[in-house]
Structures are given as structure tokens and as C-alpha cells.
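Residue strings, one per chain:
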Amino acid sequence: MSTAYWQEIMVRLDSKVTRTMDQMGTKCPHFAGEDGKFDDIGSDWWTTGFWPGILWIMNDMTGKDHYKEAAWHWDGLLEEWFVKPTEELHHDVGFQFLPTAVIKNTLTGDSDGFRRGIEAANFLAARYNPVGRFIRAWNNGPDGKPVPGWVIIDCMLNISLLFWASKVTGDPRYKHMAIRHAETTMAYGIREDGSTKHILSFDAETGAYIENFGGQGLSPESSWSRGTAWGLYGFVNTYRHTEDERFLHTAKRIAHYFIAALPEDHVPYWDFRLESEEGMSRDSSAAAIAASALLDLADFVTAGEKRLYTGAAERILRSLTENYATWDQPEHEAILLHATGSGTSFIDVSLIYGDYYYVEAISKLNGWKHRIF
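Structure report, in brief. All figures in this text were calculated on a predicted structure; none of them were measured in a lab. (Residues numbered from 1 in each chain as written. Predicted model: local features only at pLDDT ≥ 70, side-chain atom pairs only at ≥ 80, totals over all residues. Heavy atoms only, no water.)

1. Some details on the packing of helix 1 (residues 3-24) against helix 13 (residues 303-324)
Part 1 of the reasoning: Running from N to C, helix 1 and helix 13 point in directions that differ by 45°, and their axes come no closer than 12 Å. In terms of their interaxial angle, helix 1 and helix 13 are classed as oblique. Judged by the twist between their axes, the crossing of helix 1 over helix 13 is left-handed. Contacts between helix 1 and helix 13 pair Tyr5, Trp6 and Ile9 from the former with Glu314, Leu317, Arg318, Thr321 and Glu322 from the latter.
Part 2 of the reasoning: Looking at the contact of helix 1 with helix 13, its residues break down into four nonpolar, one polar and three charged. (Axes fitted to C-alpha atoms, helices over the stretch in contact; angles between N-to-C directions. Helix = DSSP H or I, 4+ residues; strand = E, 2+ residues; numbered from the N terminus. Parallel < 35°, antiparallel > 145°, perpendicular 65-115°, else oblique. Left-handed = near helix turned anticlockwise from the far one by under 90°. Contact = heavy atoms within 4.5 Å. Nonpolar A, V, L, I, M, F, W, Y, C, P; charged D, E, K, R; others polar.)

And the structure:
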């Protein structure tokens, strides 16, 4: 696809995001339903960083100050949860502080952004289990009981916070924890064919692996499409920070599985191993995450391989742009339609992280280089 095509999409995003800023006001968005209006979820929720992350990317791509002004306060808002009572602050501090404090510091040199990013990295590092060599995921499981031995595929994105902290402080301990977590996920969470598991359970006392759960996927044996995208992106990024070929090969394996499992329009259903796709919902957020990851993967392979990954990414993004976006719905606050949280929740809605990774991927096609994940 031509460069001009993606440049035009960037122009359309500028108009769309600016309109959404006016429509949403001070809301903290997670999902938008049929009415096209984002909810206003608590600022300690795991998705808090994605809306300001969109604003920071748009500021960097356009140079327009209104994006920076709207994004500036978010890392301070999030920092308050380090001293407030909440169960929602856990391993997802990566998702929360990378697109807020870290990118703010990266783009502006703001010292508070740096301090808050390190504070979040220290919080994440404190969740590391040295016996099991993993980072604890949530505080509690669905039944409300503590789950100190649970690891989820999503954390492969959160460890980017540790890689950043190691780089900016010169302290390799952050990086060592991130690498150990990636190794554990690689050993127990990635199947031979490149499919991924969502929840891994370990004995928190001994570090022994116990079992895996389906989580947001259909079953323990299935392959949740967004989890596959998280794994792909996380291992690409781990290779970027380590240059360890094991992680690159794992990323390729996941990429090949993801690409091969896509339906004709290149946007996956919410799980790759549904017994029947009839009546099942798509997940545009999984598509956007994977597309952004594939663009990065193309940077680390030989010239003869690049086209495989860039071509797949552009096919996904073109389908999202032409079949899933809300360009002709100015009253709709989201960018992408037809996302799915799981088979039982947030079905066929718009999800803010889908919008974030779509903006990120389109920006990469237009030359954006300030990677934070």
C-alpha cells in the first residue's frame, strides 16, 4: 500500500481524535457500546493509560499542543493510587504508566514523568517471584481470593516498563526480572505451534508449574486471539531489548500462527479455536495489537522476510480502516468497532486499547519511532 494512503489515514485520525477529545471531556474510557459513548471507569482500572497514550502519540505525530495539554495530567492522576486503597493496581502498571509517565518523559524530558515511571517500575519489580521466576499478575482471582501464583500472557507487554527502567537507571536488575519472566512464559505459556495460553498457575511457595486456565479464551486448550497478540508483541519487544535470538524465534512462531489463523478479512474472531465461527464476534483490538507488533517484527528480520510481516500488518490495518472504523459516524467516540473482551464480557463493543494500538500502528507506518512498549 502506498505511503500516501497511510498519510491520509493519519490526517483522518487527527480529525477523529480531536473530535473525541471534545466529546469525552474528562472521562476515563474503557469501552463504548452501541450508543458510541465511552464509559467513565475508575482511574485505577488497567486501561487508564491508553487514552492519554493516544493523545501523546498524536502530539508527537502532529506537533499540536492541544494533545499534550490534554494528556499532561494523567500520570499524576495515576500516581495517587500508590497511596489510595485499591485492589486494581497490579502488574498492569505497565499498561498504565508506559503510555503516560514514560512517554511524557521521553517526549518532553519531564522529571515528574521520570519519577512516576520509576515508581511504577519499582512496584512491578516488587511483584517478582524469584523462586518461580515470574511476575505475579492480579491480586485476586474471579472468586475474590488471592492468586499469588498466577501469570497471564498480557504481562509480556507490562515487562516493557522494567526494560525501560533498566535502560534509564543503568540498573540491570529490572532487565533481569523481565528476562526471567519472559523465559518462564516462553517455557509454559507458548505451545509448539505458536498458540498461547492465557493464565498459568504456579505454586507461589516452590515455583512449581501447576496448570493453565482458559481465562478470557474459550478453554484451557483454545487460543484467545488477543492473548496471542499480547504474546507476539511482548516477545518482539523482549528481543528488541535483549537481542536474544530465542525471543525472536518465539515471536516468529506466534506471528506465523496468528497470520495463518486469520479469516478472509484479516480480523480474528475472539478465539482462534472456536468450534464454529457462526454467530461469534470478532476482536478488532487483537488485530490492531498484532498489526503493530508485526511492523516491529519486520525491523528485526532479513530483507527477504520483511514483506511477510509488513504485508500481513498492512492487510490487517487496511481491513480495520475500511471495514471496522467509525469515519462516517462522527458522533461515535471510538475509532474501531467490533472488539471483544472475552466470550462472556464486552462483546462486540469498542475498546480503548484497540484504538490505542491502531493509532500506534498507523503512526509507525508514518515514521513514528518513539516505541514505549
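2. Notes on the sheet that holds strand 5 (residues 199-202)
Part 1 of the reasoning: If you walk across this open sheet you meet the three strands as 4-5-6, and the pairing is antiparallel. Two strands close off the open sheet at either side, each with one partner strand: strand 4 (150-152) and strand 6 (209-213). Adjacent strand axes in the sheet meet at a mean angle of 25°, parallel and antiparallel pairs treated alike.
Part 2 of the reasoning: Here strand 4 runs beside strand 5; their pairing, made up of three bridges, is antiparallel. Among the inter-strand pairings, Val151 is bridged to a residue of strand 5, identified as Leu200.
Part 3 of the reasoning: Each of strand 4, strand 5 and strand 6 touches helix 9 (residues 172-189); the most contacted strand, strand 5, lies at about 105° to it. (Pairing = 2+ DSSP bridges.)

3. Remarks on the pairing of strand 5
Part 1 of the reasoning: Covered by surrounding structure in strand 5 are Ile199 and Ser201 together with Leu200 and Phe202, the residues of both alternating faces.
Part 2 of the reasoning: Inspection of the sheet shows strand 5 paired to strand 6 by four bridges, in the antiparallel sense. The residue of strand 6 that forms the bridge with Ile199 is Phe213. (Buried < 20%, exposed > 50% of the residue type's maximum accessible area, 1.4 Å probe, protein only.)

4. Side note on the nonpolar core
Part 1 of the reasoning: Core analysis: the biggest nonpolar cluster contains 114 residues, and Leu297, Leu320, Tyr357, Tyr358 and Phe373 have the highest contact counts within it.
Part 2 of the reasoning: Looking at which element gives the most residues to this core, the answer is helix 12 (residues 284-298), with 10 residues.
Part 3 of the reasoning: Every residue in contact with Leu320, bar those within four places of it in the chain, is listed here: Val267, Ser284, Ala287, Ala288, Ala325, Leu336 and Tyr358.
Part 4 of the reasoning: Core analysis: the second largest hydrophobic core is formed by six residues, Ala137, Val147, Trp150 and Ile199 among them. (Core = buried A, V, L, I, M, F, W, Y, C linked by side-chain atoms within 4.5 Å.)

5. Some thoughts on the pattern of salt bridges
Part 1 of the reasoning: Enumeration over the complete set of coordinates arrives at 23 salt bridges.
Part 2 of the reasoning: Arg371 serves as the salt-bridge partner of Asp296, at 2.7 Å between the closest nitrogen and oxygen. Within this pair, whereas Asp296 is found in helix 12, its partner Arg371 is found in the segment after helix 14 (352-365), the two being separated by 75 residues in sequence.
Part 3 of the reasoning: By sharing partners, the salt bridges in this structure join Asp75, Glu79, Lys104, Asp110, Asp112, Arg115 and Arg116 into a single network. (Salt bridge = Lys/Arg side-chain N within 4 Å of Asp/Glu carboxyl O.)

Purely geometric numbers; function is a separate question.
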